[in-house]
Amino acid sequence: MSGILIDPGKCIACRACEVACEREHGRSFITVFEFESSAVPLNCRHCEKAPCIEACPTGALFRDKDGAVMVDVKKCIGCEVCLLACPFGIPEIAGKVMVKCDLCPERRAEGKLPLCVQTCPTGALSYVEPNDFSAGRRKAYAERLALRRSENAPGL
Amino acid sequence: MKVPVVCPYCGVGCRLYIEQTPSGYRLDYADDVPGIPNENGSLCPKGNAVLDLLSKDRLRKPLKAKEEGKFVEVSWGEAIKEVAERLREIARDDPNGLMFFGSAKTYNEPNYLVQKLARMLGTNNIDHCARLCHSSTVAGLKAVFGAGAMTNTYRDIERADVIMIWGHNYAETHPVGFRYVIKAKERGARVIVVDPRYTRTAWFSDIFLQLYPGTDIALANGLMHVIIKHGLHDKEFVERRTVGFQELKKTVEKYTPERVEEITGVPAELIEEAAVTFAKAENAVVTWAMGLTQSVHGYDNVRAVATLIAITGHIGKPGNGASPMRGQNNVQGACDLGVLPNVFPGYQAVTDEEKRMFFEEFWGTELSGEVGLTTVEATHEALKGRLKAYYIVGENPVISEANSKNAVKALRRLEFLVVQDIFPTETTRLADIVLPATSMLENEGSLTNTERRVQWSFKAIEPPGEARPDWWIVSEVGKALGFTGSGPKGFNYRSAEDVLREINACTPQYRGITPERLKANLAGIHWPCPSEDHPGTPLLYTERFLTPDGKAHLAAVEHRPPAETPDDEYPLILTTTRYVGHFHTLTMTGRSELLRKRWREPFLEVHPGDARRFGLEDNGWALIETRRGRYAARVKVTKAVKPGVVAIPWHWGANVLTNDVLDPVSKIPDTKACACRVKPVGEVEARRILEELRAEGVVA
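Residues numbered from 1 in each chain as written. Chains lettered and ligands numbered in written order. Predicted model: local features only at pLDDT ≥ 70, side-chain atom pairs only at ≥ 80, totals over all residues. Heavy atoms only, no water.

**Comments concerning the side chain of Glu22(A)**
Mapped onto the fold, Glu22(A) is located in helix α1 (residues 16-25). What makes Glu22(A) buried here is its relative accessible area of 10%. Side chain to side chain, Glu22(A) and Lys597(B) meet in a polar contact 2.8 Å long. In this structure Glu22(A) touches Arg27(A), Ser28(A), Leu594(B), Lys597(B) and Arg598(B), once residues within four positions along its chain are discounted. (Helix = DSSP H or I, 4+ residues; strand = E, 2+ residues; numbered from the N terminus. Buried < 20%, exposed > 50% of the residue type's maximum accessible area, 1.4 Å probe, protein only. Polar contact = N/O pair within 3.5 Å; in protein donor to acceptor, adjacent residues only side chain to side chain. Contact = heavy atoms within 4.5 Å.)

**Describing the sheet that holds strand β7 (residues 126-127) of chain B**
Residues and elements named next belong to chain B. With respect to topology, 7 strands assemble into an open sheet ordered β5-β4-β18-β17-β16-β6-β7, the strand pairing being mixed. Looking along the sheet, the strands with just one partner apiece sit at the ends: β5 (70-73) and β7. In this sheet, β7 lies alongside strand β6 (residues 98-101) in parallel orientation, the contact comprising 2 bridges. Within β7, the position partnered with Phe100 by the bridge is Ile126. Each of β6, β7 and β16 (389-393) is contacted by helix α18 (residues 375-383), which is oriented at about 145 degrees to β6, the strand it contacts most. (Pairing = 2+ DSSP bridges. Axes fitted to C-alpha atoms, helices over the stretch in contact; angles between N-to-C directions.)

**What about the pairing of strand β25 (residues 621-625) of chain B?**
Residue and element names in this part refer to chain B. Along β25, 5 of the 5 residues are buried, which leaves the element largely enclosed by surrounding structure. Where burial is concerned, the two faces of β25 agree: the one with Trp621, Leu623 and Glu625 and the one with Ala622 and Ile624 are both buried. Where β25 and strand β26 (residues 630-637) come together, 5 bridges link them in antiparallel fashion. The partner of Glu625 across the bridge, within β26, is Arg630. The pairing of β25 with strand β28 (residues 674-681) spans 5 bridges and is antiparallel. Opposite Trp621, over in β28, you have Val681 as the bridge partner.

**Let's talk about the domain arrangement of chain B**
Residue and element names in this part refer to chain B. By the assigned domains, chain B splits into domain 1 (2-54), domain 2 (63-132 + 329-444 + 466-486), domain 3 (135-325) and domain 4 (572-696). Between the C-alpha centres of domain 3 and domain 4 there is a distance of 28 Å. For the pair domain 3 and domain 4, the summed buried surface comes to about 2100 Å²; carbon and sulfur atoms form 59% of the total. Linking domain 3 to domain 4 there are 1 salt bridge. Across the pair Arg197 and Glu605 runs a salt bridge, and its minimum N-O distance is 2.7 Å. The interface formed by domain 3 and domain 4 includes 11 residue pairs in polar contact (both at pLDDT 80 or more). (Domains from an automatic or database assignment. Buried area = accessible area lost by both parts, 1.4 Å probe. Salt bridge = Lys/Arg side-chain N within 4 Å of Asp/Glu carboxyl O.)

Here it is in structure tokens:
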């Protein structure tokens, strides 16, 4: 399943992702943390082995067909167990129920990217299959090594 | 139906869609249009918040002042009649008693019409906000290369091996454009950042040259000294395509890295490393913005950097060139269409007899051959009582002019002030007549981004109340003034297309950029485009420069300090900055809750050493004073600024502090460096000071 991969090395802390998410959902489910010389955007990782789903006593948390971790607000009792279980501190309580990133289901249904990924001006966020991503990285690294050799090779 | 528009904010010129739904309007990303400046349709936070422009406090009806700031609604007929009568009265005595202010925030068509109106009334007193941002670029690049525009495109930045970013917080001011820097870096390109602050752009630097504000010439000369000493300049290019090398060599000889280190505070080894890296690059691009241009020697700053580019031969081929980055979405277009006191559309000098004769014939009237006033000069003339009336389109000089208290005084002295805008601003408060215009999303027209790309933006939204397109308002004023001749000889237009066709007929660079072509091609056309079958010109100067002899004129310029340097009374250097989520005078972004809650208020950045020295605490408040005024802000203690330098975003009105002394050639004020002092102040006192300034109308 595809997930949002975050490359803090490309984030410029412009917070376009936050603004886009808030415009569409009324609040932002992604947060950009800015430091002296870098920035880290963070949202729900939709973990393969999601501790929030495992901890939820009412079965309010479930996975949709694309693998996104979703909340069924009718089942959520606001017990906050998921807050304790999540290693990233993602779930928030709004009113009486938990809210979190849903990877923009309407957009996914149309074959589009989640909003934060679509709008990111620098490509710090990407929506990919993790294995495709690492395969791409491997190839790029190999190309850089090969390029270094050819730069030194006369006549090429 | 999704309507393609161009983002109303910065000079990148991003495309997006606006769609009307049963519940209102929604924004969508233009991820399906190949070749646009914002690849994959991505948008920055401002672009994402464009629909907040539909906020409730828009100007909806023409207003007439009973007293300052107190208006009554009037009809369009009444408003236009009054404007025309007052302008006619003053023009009758002396056309130079009138001043016109075009707008880098509206389309090419109304800009063309505003300057045509000024000129048909007999004055060249017409200018716009580029005066305060890139006039030194326009003049400086013209002196060296023959024309004032960006010489390449965003794609060339992506192709470069070395990118030098000078006085330009690229990541924060043009986030979508910065993608091309990051892509180049992924490919292995090296990034050199020159800035007094360790900005987000500097996060991405391989070499960071942290200079004192206002010492750019010394640094450029230091770089050229090293390049020439090591024989790394492009000898063939210098020989074949430039003049003035011997004199340059003599001048930069004195600028050893050690001496430049003393002036700029940049370590000599770094100067050496940056010079060698830049000169040895196969392809290199230099981008710059306000840090370089807003200086009392901005013209020479730009000439020095352009000379650095020329002697290394990094121009006129793909992946190379000079890229001044425009802040507003149509700065380039407003300049191109002659919203400047010295040129007609297409940079045709008003002093050139032949060009003037062409326009006299074209517009069917006698024209002035005397260069008009620039914005800051107009302020001075108004203070002296020599300027009587001001027609301002979509600008907010009360916040944007250096030493803004002075600007307010000047506007108050006028006999007649008309302001055409979309929101009430600090400037409309002073107006006699306020004309409600439509935002860019509510009407259509062409506009020209930083890389000279002309794009058409379509009407996506119904305007509020009786707001009217800028082109319509200006042409109504023109007709009411009696300019009712047919074709170009009058102001009888039915649409923006009509106006663009007239532009095609008199502006050589835009000759082939017709409304039909632009509408059919959403990615737009780069000028110069001399005919309808011409594809446009993304890359300039491949064969020759636009100077009369076709060569680059290298500039040998000496370092001079900024107009004000620190002394015992004012021991610090103040520089001004921006936030990624805000735009200029907050007229637009200040009304977006999405943006305002994230970028709430200005921070004064202070080095930890200076904070101790002046007793400032992180997150406490500081009173900042200069010879022109005082201002209060929260303190952010950070090593992003050097000892001796403090920095503050100007959006909220920090220009009450800045220096309005002018560069003698480009007439740009020294906004980026002035002497100041700071002291701690309680929050209550700080807020009281700001409230006082707000009551004076100089702070947002």
